[in-house]
Each structure stands twice: as C-alpha cells, then as structure tokens.
Amino acid sequence: MAGTTIVITSGKGGVGKTTSVANLGTALALRGRSVVLIDADIGLRNLDVVMGLENRIVYNLVDIIEGRCRLEQAMIRDRKLNTLFLIPAAQTREKDAVHPEQMKELCEKLEQNFDYILVDCPAGIERGFRNAVAGAQKAIIVTTPEVSAIRDADRVIGLLEAELMKDINLIINRLNHKMVKRGDMMSTEDICSLLAVPLIGVIPESEEVVISTNRGIPLVHDKRSDIANAFKRIASRLEGEEIPIPTEIPGDSGILSKFKKLIWSS
Amino acid sequence: MDNSKGVVPVQIRAQRDGQFIFILDPSMPFQMILRYLEKKRKTSNNFFKSAKIILDLGSRPFRIDEVTAIRDMLRRQWGVKIVELRLGHSLDSFFEWASKQIDIPIKQIPVAEFSMEPVVIRHTCRSGTRIEAPVDCIILGDVNPGAEVIAGRDIIVFGVLRGIAHAGAMGNREAKIWALSIEPNQIRIADLVAMPPQDDKHQPKRYEVAQIRDDQIQVLTF
C-alpha cells in the first residue's frame, strides 16, 4: 500500500492548521481510510489536545526518531475511529531535535502501511517548517481572509514551489459571508487570484470550532454541523471526487439587494 | 555676428555647487568664441573672479590649441581656473591628438556591456522573492505583495504588480514600470518613491505605465 503524505501549513500561526488536520484526518478515517496524524510542532504540541488524546501519550515523535521506542508504540489510536492514529510531538524538546532527513524516512515508512499521513506544520518558515515539509508529496495551505495570513501563505507557497512541490491546494478558513457581502472582507475570488493555487475548500467562520476544540472531539463527528460537512467535502475532493465549491451561501435575496444589483449593472 | 537668434558662442550655466559650466558652440569659429568671452569679461564686472569653471566642449572636436588658448585667457585675464574639461560627444578628435602625441595609432575597443539582455522571470513572484536585474526585467506573472523587483532600467510585468518595484535603481530617471495593473504599496523610480492614493480602486482596461514627470512619479492608465 502506497500512501500519501500531506503537509498542512500556513506560515502564519493561529489560522487553523491544527483544527484542519484534526478534522480532515477524522473525515478521511470516517470514509474508511487509514490515517496517521503527525504533530510536527515540537515544543508547542497541541494536536493531541484538539483530538482529546493528551492523557494517552507515552512516547512521542522524538522518541521514535531517537530510537527509544518502536513506531507502533508512539502511535495513539483515536477514541472513536480505529483507523485513525496520532503521533504526538515532544513538548520538552526543540525543533532541531529532528532532522528533515529523519522526518522523510519516517513518512516513507508510514506510507507503506497507511493511506494518508497528515503532517501538522508549525507556524513560521524555519527548521520546524523544513521538517514538516521534508517527507510530503502534497501540501494544503490554510489561510484566513486577512491580509497578513495571505501574505504569509504566499511566502510559504513560494518556498514550497522552490522545493519543487507541485501539488499545492488551498483551504480558506473562517470566511464570514456576511462581511464579504458588505465588502469588509476579502472574497474567495480575491484570495484565489492572488495566491493562484487550486482551492480545495472554504470553511465558514463558526463558534462551533472553539467548542469542539475545547471538548477534544473533532467537529466532523457532529453530523448536523455545516463546518463538519465542509471538511467532509474537502476529504472527498482530496480523494479525487469533484464537488463544486459553493461560492456564496444562499439567502439575503430580498427586494433591496436585487434593486441594488439593478442599479449597479445599469 | 548673429547672436539675436539665441545662438550663443559660449553658454554659461551655474551649478548648484557654485561652479560654472562653459559650453562651447560646436559650429562657431574659434575666433568668435574668444571674442565673445572677451566681451563677456568686460560686462561681467569681475563676477567670475576666482570661480571654478568646467569647460564643456560638447560635440566640438577636441583641439589642443583651442583648449590651451581658452585656458590661458581665462587664467590670465579672468583669474579663474578650469577644474574640469568635458569631452562630451566626439572622443575621436581627442584620440587623434593623443595618438599624434605618442606617435602610435590608438584604437579604442568598446568595453562589451555585460548582460544587456533583460532578465525574464517566467512565474509569479511570491512574497519573499527578490529579483535584481542589471538592466531590464520582464516578469511573466504577477508580483505579489512582499516581493521586490529591482531593475537598472525598465520593469515590465505581464500581470498585476502588487509588490515593490524599483525601476532605474542606479539613478536612471528615464526608467518606467509597465504592468497590466499597478496596485502596489510602493513604487520607486530612480530616487523617487511613490505611494498609491488611499481607496484607489481603478481597473485599467489594457495596461498601466509609471514614469517620472515633473519630478513626480505618475501612473498613466491605458
């Protein structure tokens, strides 16, 4: 079995990399795939918290690399899905405890037994980023519709292209459709025209995300949530299904807005 | 003597640093130049006394007797010193004189101008990239915010310019920036810096050009 390693990165911190990894991994596992999540943010680990697996950690990524445990010992099985695993980062070490070459080796080993390996990349473009990217064949860039996040995403795409990464996709997180309509937020089209990489999904802004993160249960498990469905659609698109990305949420088509459109078009 | 048409045998210009430039007319007979300078001295009331003068031959052929004659005249009668001799456009006459001096024919071999060809970038310049071109720079793609393009002469962007562009970086004020749309946070041409006006939401139909006009960077939309 030849799996795929996908790195989830953004450049800027706090845009939703870890949330995306947790939900995307869970969504892929719900589709019946075998998935390993690797937290590459050594020293600032939090994927385990988002997955609700913090109290099960015995060994971590650095232990595997330094040979203190076998690969299987450090892999923590998810509480609900038995094809989903997490390799947590070491909290008491620093980014240079791991070498990009070692990371690549680890990913290659995991690819033999799993369908997907999702690497949660730390913020920044230094050693941690190099480590996370080393073993990846694909990249997913997460950005929010803010100028600063987009600037950093652009820089990261440039770095990935320099490493000859061809398969780069974009997730726009925390899009507020109301603000876009008012013209107070960059729209999906604006972001795509600037970053010029294929869009794989748009996640609307929601309070549910914070709640699920605090509970340690990925939102994808909630069948009624819009966010969960957005992540499930991204998982389907990752597997090659063609599902159109809804650009605008229907509603707010009152008389006034139609009238406005008439004025503008005349 | 026909000075009424504005043809002056010697043009005198003052520079900011206090020096004067004497520019000789290329076609005027040398005797007229001397006569003009003599007249000028009488009317100038010792204005030029102990001034520093740059003698600019313009396109007038270099003749050693002419230069020494003016030098001696200015030194003795005006009390001024020539601090610089400018051979503007015709170096041939100077080499002719020099080869006669050493009695060996001189052949001037032009220094091959290195990489006069433009630098062509065939992808979008993303944040963090910096491109330096000695002469012209052509970018087939966008220039995103956070990217820098610096060129000795013109910058041509076949896309949207959103990052920083500096044309004529070595001081060439003739340099221009061409782009399908110019919407950067800053553009620079030679020693000038410009920022776009706030709330600038223009949409050029074809292309835009930024250039210097009246000591200001102007962006023209076509």
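Residues numbered from 1 in each chain as written. Chains lettered and ligands numbered in written order. Predicted model: local features only at pLDDT ≥ 70, side-chain atom pairs only at ≥ 80, totals over all residues. Heavy atoms only, no water.

Q: What exactly am I supposed to notice about the sheet that holds strand β12 (residues 187-189) of chain B here?
A: All names here are of chain B. Across the sheet, five strands lie side by side as β6-β8-β10-β12-β13; this open sheet has mixed pairing. Both edges of this open sheet fall to β6 (130-133) and β13 (192-194), since each of them pairs with a single strand only. Ignoring which end each strand starts from, the neighbouring axes of this sheet average 10° apart. (Pairing = 2+ DSSP bridges. Helix = DSSP H or I, 4+ residues; strand = E, 2+ residues; numbered from the N terminus. Axes fitted to C-alpha atoms, helices over the stretch in contact; angles between N-to-C directions.)

Q: Before we go on, may I ask you to explain the interface of chain A and chain B in this structure?
A: A common measure of how large an interface is: the accessible area buried when the components associate. Contacts between the two partners involve 11 residues from chain A, matched on the other side by nine residues from chain B. Taken together, the two surfaces of chain A and chain B that pack against each other cover about 810 Å², and 39% of this comes from carbon and sulfur. When residues of chain A are sorted by the area they lose upon contact with chain B, A:Arg151, A:Asp154 and A:Leu194 head the list and together hold 59% of the total. In this structure, the salt-bridge partner of B:Arg126 is A:Asp154, at a minimum N-O distance of 2.9 Å. For the pair chain A and chain B, the interface holds seven residue pairs in polar contact (both at pLDDT 80 or more). Elements with a contribution of two residues or more to the side of chain A that touches chain B: α7 (147-162) and α9 (188-195) of chain A. In terms of residue class, the side of chain A that touches chain B is made up of five nonpolar, two polar and four charged. (Contact = heavy atoms within 4.5 Å. Buried area = accessible area lost by both parts, 1.4 Å probe. Salt bridge = Lys/Arg side-chain N within 4 Å of Asp/Glu carboxyl O. Polar contact = N/O pair within 3.5 Å; in protein donor to acceptor, adjacent residues only side chain to side chain. Nonpolar A, V, L, I, M, F, W, Y, C, P; charged D, E, K, R; others polar.)

Q: Just to check I follow, could you spell out the packing of helix α1 (residues 17-30) of chain A against helix α11 (residues 226-238) of chain A for this structure?
A: What describes two packed helices is the angle between their axes and the distance between those same axes. All names here are of chain A. Relative orientation of the contacting elements α1 and α11 amounts to 65°, with a least axis distance of 9 Å. What the angle tells us is that α1 and α11 run roughly perpendicular. For the crossing formed where α1 meets α11, the hand is right-handed. Packed against α1, whose contacting residues are Thr19, Ser20, Asn23, Leu24, Ala27, Leu28 and Leu30, the element α11 presents Phe231, Lys232, Ile234, Ala235 and Leu238 at the interface. (Parallel < 35°, antiparallel > 145°, perpendicular 65-115°, else oblique. Left-handed = near helix turned anticlockwise from the far one by under 90°.)

Q: Got a minute to help me understand the environment of A:Lys138 in this structure?
A: All names here are of chain A. Counting through the fold element by element, Lys138 comes out in strand β6 (residues 138-143). Lys138 sits 30 residues away from Ile168 along the chain, and the two C-alpha atoms are 6.0 Å apart. Setting aside its immediate chain neighbours within four residues, Lys138 contacts Thr4, Thr5, Ile6, Val7, Met165, Asp167 and Leu238.

Q: Just to check I follow, could you spell out α9(A) for this structure?
A: Residues three or four positions apart in an α-helix share a direction because the helix packs 3.6 residues into each turn. All names here are of chain A. Along α9, the positions that sit buried rather than exposed are Thr188, Ile191, Leu194 and Leu195. Projected onto a plane normal to the axis of α9, the buried residues spread over an arc of 140° and lie on a single side. Downstream of α9 by a residue or two, Ala196 has a phi angle that is positive, lying close to 50°. (Buried < 20%, exposed > 50% of the residue type's maximum accessible area, 1.4 Å probe, protein only. Arc of directions from axis to C-beta.)

Q: Help me understand the pairing of strand β10 (residues 164-167) of chain B, please; the structure alone is not making it clear to me.
A: Moving residue by residue along a regular strand, the side chains alternate between the two faces of the sheet. Residues and elements named next belong to chain B. Across three bridges, the pairing between strand β8 (residues 148-151) and β10 is parallel. Residue pairing across strands places Glu148 opposite Ile164, the latter belonging to β10. Where β10 and β12 come together, three bridges link them in parallel fashion. Looking at the pairing, Ala165 lines up with Ile187 of β12.

Q: Can you walk me through the side chain of B:Ser99 in this structure?
A: Residues and elements named next belong to chain B. Tracing the sequence through the fold places Ser99 in helix α3 (residues 92-102). Using a relative accessible area of 17% as the deciding quantity, one classes Ser99 as buried. In this structure the side chain of Ser99 is engaged in a polar contact, spanning 2.9 Å, whose partner is the backbone oxygen of Glu96.

Q: How should I be thinking about a nonpolar patch on the surface in this particular structure?
A: Together, B:Val120, B:Leu140, B:Phe158 and B:Leu180 make up an exposed nonpolar region whose accessible area comes to about 340 Å². The residue B:Leu180 is located in strand β11 (residues 177-182) in this model. (Patch = residues over 30% accessible without salt bridge, like charges linked within 9 Å, V, L, I, M, F, W, Y side chains within 5 Å. Areas by Shrake-Rupley, 256 points an atom, 1.4 Å probe, with all protein chains shown as cover.)

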